Amino acid sequence: TADSKTSLRIAIQKSGRLTDKTIELLKGIGLRFDDYKRNLMVECRNFDVELLLIRDDDIPEYVQDGVCDLGFVGANVTAETGANVTVLRDLDYGVCRLSLAARKEGDIQTTEDFQGKTVATSYPKLTRDYFEENDVEAQIVTISGAVEIAPRLEVADAICDLVSTGNTLKANGLQELDTILESETQLIQTNKTLSEGKKQLIDKFLQRMDGHQQAER
Ligand code: PRT
Ligand code: ZN
């Protein structure tokens, strides 16, 4: 039907650190839906919204391409993918930073010390950009998980990874050096042309979100 075509499609992380908070937020602003854990796509019962549950890495590109109109995703992921999207809101969860770290009391202490060294990361683009800006030639080793053990395995001299409490670095004998990016969860919107119907739905959605955010304070 014409109605189902105007449904807002919102991408959220299927299963991970952002999932519970995002679901909580959506329920908090009055959206009703069920069984999101088992499905890739979930329709809201009382709002013209369907949720697409996917890996966080895919969210910025889905929103960029207009497959989804909105998405909830970490600023770190959007920055790494370099997706062309508009940030509508910065949210107060999923807060972390992308930082360089090296062995405590090792020979890497400053940015210049990275010259000629290897750095393991899941964020090759942001890491490469950082070294380029600082005129340091470091070799980037891209790995998808457990980056913090790379120095011990001698896969790399240092790492560039997300940090929140700093406990993971500490537990692995690593010392946080420079921060490349401060991150939090963001609500992003596609830059593709939207129908009037969708624009109105987004306005309504944002009004509810902002009202909810205020009520929480
Ligand atoms: O399966 P999918 O691809 O969707 O999930 P994922 O495994 O890629 O991501 P997930 O769920 O681990 O994280 C989702 C998002 O949460 C990230 O993209 C960030 O925006 C945000 N976030 C916030 C974090 C952290 N804090 C965080 N601490 N993501 C990861 N970490 C990891 C970090 O990589 C390191 O291993 O936690 C460890 C460090 O934590 P501390 O507290 O010891 O410093
Ligand atoms: Zn991911």
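Definitions and limits used
- For every chain, the first residue of the written sequence is number 1, and numbering continues from 1 onward in sequence order.
- A letter from A marks each chain and a number from 1 marks each ligand, given out in the order of writing.
- Predicted model: local features are reported for residues with pLDDT of at least 70 only, side-chain atom pairs are reported and counted for 80 or more only, and whole-chain, interface and lining totals are derived from all residues.
- Excluding hydrogens and water, the side-chain figures rest on all heavy atoms present in the structure.
- Helix and strand labels come from DSSP, where a helix needs a run of H or I of at least four residues and a strand needs a run of E of at least two; each type is numbered from the N terminus.
- A contact between two residues is defined here by any heavy atoms of the two lying within 4.5 Å.
- Per-residue and other accessible areas were derived by the Shrake-Rupley procedure at a 1.4 Å probe size, with only the shown protein chains allowed to occlude residues.
- The convention is simple: Lys and Arg are positive, Asp and Glu are negative, and His and the chain ends are not counted.
- Throughout, a charge is located at the NZ atom of Lys, the CZ atom of Arg, the CG atom of Asp or the CD atom of Glu.
- Whenever Lys or Arg places a side-chain nitrogen within 4 Å of a carboxyl oxygen from Asp or Glu, that contact is recorded as a salt bridge.
- Accessible area is worked out with a 1.4 Å probe on protein chains only. A residue is then buried under 20% of its type maximum, exposed over 50%, and partly exposed in between.
- Metal donors were taken as nitrogen, oxygen and sulfur atoms no farther than 2.8 Å from the ion, or 3.2 Å where the ion is Na, K or Ca. Water is excluded, so coordination may look unfinished.
- Here a site with four donors is tetrahedral if all angles are between 85 and 135 degrees, and a site with four or six donors is square planar or octahedral if opposite donors are over 155 degrees apart and the other angles are between 65 and 115; anything else gets the irregular label.
- Strands are labelled as partners when DSSP assigns at least two bridges between them.
- Between N-to-C directions, angles cover 0 to 180 degrees, with each direction set by a line fitted to C-alpha atoms, over the stretch in contact for helices.
- We call a residue near a molecule or strand as soon as one heavy atom of that residue lies within 4 Å of the molecule or strand.
- Polar contact is the term for a pair of N or O atoms within 3.5 Å; when the atoms are in protein, one must be able to donate a hydrogen and the other to accept it, and sequence-neighboring residues count only if both atoms are side-chain atoms.
- The split into domains, and so the bounds of each, comes from an automatic or database assignment of domains.
- Expected helix span is computed as 1.5 Å times (number of residues minus one).
- Throughout, the arc means the angular range of directions from the helix axis out to the C-beta atoms.
- Joining two parts hides part of their accessible area as seen by a 1.4 Å probe, and the buried area is that hidden amount summed over both.
- Under the convention adopted here, Pro, Cys and the residues Ala, Val, Leu, Ile, Met, Phe, Trp and Tyr are nonpolar, Asp, Glu, Lys and Arg are charged, and Gly plus all remaining residues are polar.

K.L.:
Can you help me understand the overall build of the protein chain in this one?
P.N.:
The secondary structure content of the protein chain amounts to seven helices and eleven strands. Counting contacts in the protein chain only where the partners sit at least 6 residues apart, residues at least 24 apart contribute 66% of the total. Put simply, the protein chain shows about 11700 Å² of open surface, and 42% of that area lies on carbon and sulfur atoms. Counting 26 positive and 38 negative side-chain charges, the protein chain places the centres of these two groups 8 Å from one another.

K.L.:
Explain the environment of T78 here, please?
P.N.:
Tracing the backbone through its elements, the reader meets T78 in helix 4 (residues 75–81). Residues T78 and G173, spaced 95 residues apart in sequence, show a C-alpha to C-alpha distance of 29 Å. Not counting the four nearest positions on each side in its chain, T78 is found in contact with P60, V73, A83, V85 and I188.

K.L.:
Even after reading the chapter, I still don't get the pattern of salt bridges, so can you show me in this structure?
P.N.:
Any two side chains of opposite charge can pair, given that their charged atoms come close. The final tally for this structure, using the stated rule, is nine salt bridges. Across the salt bridge formed by D210 and R89, the nearest N and O atoms sit 2.7 Å from each other. Remark: R89 occurs in strand 5 (residues 85–90) and D210 occurs in helix 7 (residues 196–216); sequence separation between them is 121 residues. The partly exposed category is assigned to D210, whose relative accessible area is 29%.

K.L.:
Mind showing me how you'd approach the coordination of the zinc ion (ligand 2) here?
P.N.:
A four-donor tetrahedral metal ideally has 109.5 degree angles, and a six-donor octahedral metal ideally has angles of 90 or 180 degrees. Looking at the zinc ion (ligand 2), one finds its protein donor set to be D56 (OD) and D57 (OD), positioned 2.0 to 2.1 Å from the metal centre. Given four donor atoms and angles of 77 to 169 degrees at the metal, the environment of the zinc ion (ligand 2) is assigned as irregular.

K.L.:
Mind showing me how you'd approach the sheet that holds strand 7 (residues 118–121) here?
P.N.:
What links the strands of a sheet is backbone hydrogen bonding, and the strands pair in either a parallel or an antiparallel sense. Within the open sheet, the five strands sit side by side as 8-7-9-6-10. Their pairing is mixed. Edge positions in the open sheet fall to strand 8 (139–142) and strand 10 (174–183), since each of these has one partner strand only. Recorded for the sheet is a direction-independent mean angle of 25 degrees between the axes of neighbouring strands.

K.L.:
Help me understand the site of ligand 1 in this model?
P.N.:
Near ligand 1 there are 22 residues, and of these D57, N76, T165, G166 and T168 occur at the shortest range. At a separation of 2.8 Å, an oxygen atom of ligand 1 approaches a polar side-chain atom of Q13. At a separation of 3.4 Å, an oxygen atom of ligand 1 approaches a polar side-chain atom of D161. Surface burial for ligand 1 is 78%, taken as the share of its 850 Å² of free accessible area covered by protein chains. Contributing elements (two or more residues each) for the shell around ligand 1: helix 4, strand 9 (158–163) and helix 6 (167–171). For the shell around ligand 1, the element with the most residues is strand 9, which contributes three residues. Residue assignment places the shell around ligand 1 across two domains, with domain 1 (2–94 + 184–216) and domain 2 (96–182) each supplying three or more.

K.L.:
Quick question: what am I supposed to make of helix 5 (residues 124–133) here?
P.N.:
Turn by turn, an α-helix covers 3.6 residues, leaving residues three or four places apart pointing in a common direction. Burial in helix 5 covers these residues: P124, L126, T127, Y130 and F131. Tucked into the core, helix 5 has its buried residues touching helix 4, strand 6 (96–103), strand 7, strand 8, strand 9 and strand 10. Looking one or two residues past helix 5, D135 carries a phi angle of roughly 55 degrees, positive in sign.

K.L.:
Quick question: what am I supposed to make of helix 7 here?
P.N.:
For helix 7, which comprises 21 residues, the first-to-last C-alpha distance of 30 Å matches the rise-based estimate of 30 Å (1.5 Å per residue) to within 8%. Of all the positions in helix 7, only K198, L201, I202, F205, L206, M209, H212 and Q213 are classed as buried. Angularly, the buried residues of helix 7 cover 135 degrees about the axis, an arc narrow enough to put them on a single face. Among the exposed residues of helix 7, those pointing more than 90 degrees away from its buried face are E196, Q200, Q207, Q214 and A215.

K.L.:
Help me understand the domain arrangement of the protein chain in this model?
P.N.:
Interfaces are often sized by the amount of accessible area the parts lose when they come together. We note that the domain assignment places domain 1 (2–94 + 184–216) and domain 2 (96–182) within the protein chain. Taking the mean C-alpha position of each, domain 1 and domain 2 sit 31 Å from one another. The interface is formed by six residues belonging to domain 1 together with seven residues belonging to domain 2. Of the roughly 670 Å² buried between domain 1 and domain 2 on both sides combined, carbon and sulfur atoms contribute 55%. The largest share of the area that domain 1 buries against domain 2 comes from N76, A79 and E80, three residues that together contribute 71% of it. Between domain 1 and domain 2 we count zero salt bridges in total. There are four residue pairs in polar contact (both at pLDDT 80 or more) connecting domain 1 and domain 2. Residues belonging to the side of domain 1 that touches domain 2 are distributed by class as follows: two nonpolar, three polar and one charged.

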